[in-house]
Amino acid sequence: DTQFVIPKVPVEVTSETATAEEKDVLLGRSGEGGRGGACMRIQPPADASPASYITMKGEQFLVWSPGAWTLEFPPGRGQQGKASTLRFWMELQSAIEKQSIKFDEGEKLYFLCKAWREDDYQIGWKKLKPLQLRAAEMQRRLEAKLSHESGDRRLDGTDALQTLQAYGDMAQLVLERDQSRAELRQAREKYPSRPNFPQGPWPGAEEWLALSQSKNQNPIFVKRKANGVLGGEEFQVVGSWQAEPILSEDEYEVVDDEEDDDGVDTCLEDDEELEPDPPIFYDFR
């Protein structure tokens with residue numbers, strides 16, 4: 001299969017409310033029973049040069065127009081450690097064509113991934129790690145039973161009754177191994193699978209955010225004509241993506257609330273407006 005690796009692209013994640021035109025069905029409809037929260041703006045930084053890539057036609061440039069993002073938190077109570085879902089889209093201002101891969105100018109690309117706030121990330125990893133260790137231990141036990149050097153000698157077949165009992169023990173081990181793997185797969189849909197996902201600041205959040213890095217959890221969609229007699233459009237998975245914050249922890253300065261000389265916290269008057277959070281910059285690829 002032909003693969004096209006998108007060059008690393010910087011994006012500016014803002015807390016500016018997206019316009020009506022920038023909202024999209026994949027993001028949900030804020031305040032109208034949709035799946036997401038408020039839809040905010042995401043865009044290429046004003047001073048960023050377009051990413052480039054090479055084809056048979058020479059150097060090509062990847063140009064994007066602004067889109068929108070939303071963060072959907074897990075519903076209900078008792079959701080500590082479980083993933084939120086980040087969704088955003090951006091529109092291509094330049095076509096992409098490389099071998100059999102083609103995206104038209106004006107086509108929207110939709111990005112989705114799992115996300116955890118700082119505390120949830122730590123809690124989620126603590127919940128998943130025992131399941132990961134158990135699955136590894138069950139696999140180790142199974143391999144030890146099958147080892148030619150140190151495995152279960154009853155499997156050699158010298159005693160029919162002993163061999164039959166050994167097969168029963170092996171079947172139980174396989175069942176327990178498969179159950180532990182299934183539990184781990186289900187947990188990975190909710191909890192982080194590693195303790196070291198990149199974390200960075202996020203507009204509107206005091207806690208930093210960690211984004212999933214798995215291809216299965218980070219799909220890229222496009223909306224294309226559906227196959228079949230019914231026609232219409234459908235979302236089709238065309239790839240995967242990853243992102244990491246451009247700002248490191250020591251570069252991101254958290255400013256404490258200012259205090260007046262008399263030690264009283266400064267607050268806004270009723271007629272003053274809150275300033276939006278400063279934009280956060282990420283590289284995605």
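Residues numbered from 1 in each chain as written. Predicted model: local features only at pLDDT ≥ 70, side-chain atom pairs only at ≥ 80, totals over all residues. Heavy atoms only, no water.

Enquirer: Mind showing me how you'd approach the side chain of Ser212 here?
Expert: Relative to the assigned elements, Ser212 resides in the loop between β11 (205-211) and β12 (219-225). Reaching out from Ser212, the side chain makes a polar contact with the side chain of Asn218 at a distance of 2.6 Å. Leaving out residues up to four positions away in the same chain, Ser212 has contacts with Cys113, Lys114, Trp116, Phe197, Gln217 and Asn218. (Helix = DSSP H or I, 4+ residues; strand = E, 2+ residues; numbered from the N terminus. Polar contact = N/O pair within 3.5 Å; in protein donor to acceptor, adjacent residues only side chain to side chain. Contact = heavy atoms within 4.5 Å.)

Enquirer: Honestly, the environment of Pro74 in this entry has me stumped. Any pointers?
Expert: Inspection of the secondary structure assignment puts Pro74 in the loop between β5 (64-72) and β6 (84-92). Relative accessible area serves as the criterion here: at 22%, Pro74 is assigned to the partly exposed category. Linking Pro74 and Ser84, residues 10 residues apart in sequence, is a C-alpha distance of 5.6 Å. (Buried < 20%, exposed > 50% of the residue type's maximum accessible area, 1.4 Å probe, protein only.)

Enquirer: How do you make sense of the nonpolar core when you look at a structure like this?
Expert: Soluble globular proteins tend to bury their nonpolar side chains together. Counting residues in each nonpolar core, the largest one holds 31 residues, and the members touching the most others are Leu62, Trp64, Trp69, Leu86, Leu109 and Trp241. Sequence-distant contacts of Leu62, that is, excluding residues within four places in its chain, are made with Ile6, Pro7, Val9, Pro50, Ala51, Tyr53, Leu92, Ser94 and Ile96. Counting residues in each nonpolar core, the second largest holds nine residues, with Cys39, Ala68, Tyr110 and Phe221 among its members. (Core = buried A, V, L, I, M, F, W, Y, C linked by side-chain atoms within 4.5 Å.)

Enquirer: Which parts of the structure should I look at to understand the pairing of β11?
Expert: A regular strand places its side chains so that they alternate between the two faces of the sheet. Here strand β9 (residues 108-117) runs beside β11; their pairing, made up of three bridges, is antiparallel. Looking at β11, one finds that Ala115 is bridged to Leu211. In the sheet, strand β10 (residues 199-202) pairs with β11 via three bridges, with the strands oriented antiparallel. Each residue of the ladder has a partner; that of Trp202, found in β11, is Ala205. From the end of β10 to the start of β11, which pair antiparallel, there are two residues, and Gly204 there has a positive phi angle of about 80 degrees. (Pairing = 2+ DSSP bridges.)

Enquirer: How do you make sense of the pattern of salt bridges when you look at a structure like this?
Expert: Where charged atoms of side chains with opposite charge meet at close range, the side chains can pair. Counting across every chain of the model gives eight salt bridges. Salt-bridge contacts for Arg41 lead to Glu22; the nearest nitrogen and oxygen are separated by 2.8 Å. Within this pair, whereas Arg41 is found in strand β2 (residues 40-43), its partner Glu22 is found in the loop between β1 (9-17) and β2, the two being separated by 19 residues in sequence. A residue is classified by how much of its surface remains accessible, and Glu22, at 9% relative accessible area, is buried. Between Arg117 and Asp120 there is a salt bridge, with the nearest N and O atoms lying 3.6 Å from each other. Using a relative accessible area of 30% as the deciding quantity, one classes Arg117 as partly exposed. Judged by its relative accessible area of 12%, Asp120 is buried. The network of salt bridges with shared partners includes Glu137, Arg140 and Arg141. (Salt bridge = Lys/Arg side-chain N within 4 Å of Asp/Glu carboxyl O.)

Enquirer: Quick question: what am I supposed to make of the side chain of Ser94 here?
Expert: Considering the arrangement of structural elements, one finds Ser94 in the loop between β6 and β7 (96-98). A distance of 3.0 Å separates a polar atom in the side chain of Ser94 from the backbone oxygen of Phe61. When near neighbours in sequence (up to four residues on either side) are disregarded, Ser94 contacts Phe61, Leu62, Val63 and Glu105.

Enquirer: Explain the environment of Asn196 here, please?
Expert: By the secondary structure assignment, Asn196 is in the loop between α2 (160-188) and β10. C-alpha separation for the pair Asn196 and Ala210, spaced 14 residues apart in sequence, amounts to 8.9 Å. At 3.0 Å, the side chain of Asn196 and the side chain of Arg194 are in polar contact.

Enquirer: What exactly am I supposed to notice about α2 here?
Expert: Owing to its 3.6 residues per turn, the α-helix brings residues three or four apart onto one side. Its 29 residues give α2 an end-to-end C-alpha distance of 42 Å, which sits within 8% of 42 Å, the value for a rise of 1.5 Å per residue. Looking only at α2, the buried set comprises Thr163, Ala166, Met170, Leu173, Arg177, Ser180, Leu184 and Ala187. Residues of α2 that are buried sit in contact with α1 (118-146). (Expected span 1.5 Å × (residues − 1).)

Enquirer: Is there a simple way to think about the packing of aromatic side chains in this case?
Expert: For any two aromatic rings, the description comes down to two numbers: the centre-to-centre distance and the angle of the planes. By the definition in use, this model includes 10 aromatic pairs. An angle of 90 degrees between the planes, with centres 5.3 Å apart, marks the rings of Phe88 and Trp241 as edge-to-face. With Phe88 in strand β6 and Trp241 in the loop between β13 (233-240) and β14 (243-245), this residue pair connects regions lying 153 residues apart in the sequence. A single burial state applies to Phe88 and to Trp241, both of which are buried. Put simply, the rings of Trp64, Phe88, Phe111 and Trp241 touch in pairs and so form one group of aromatic residues. Lying over the aromatic face of Trp89, Lys108 brings its terminal NZ or CZ to 4.2 Å of the ring centre. (Phe/Tyr/Trp six-rings, centres within 6.5 Å; stacked < 30°, edge-to-face > 60°. Lys NZ or Arg CZ within 6 Å of the ring centre and 35° of its normal.)

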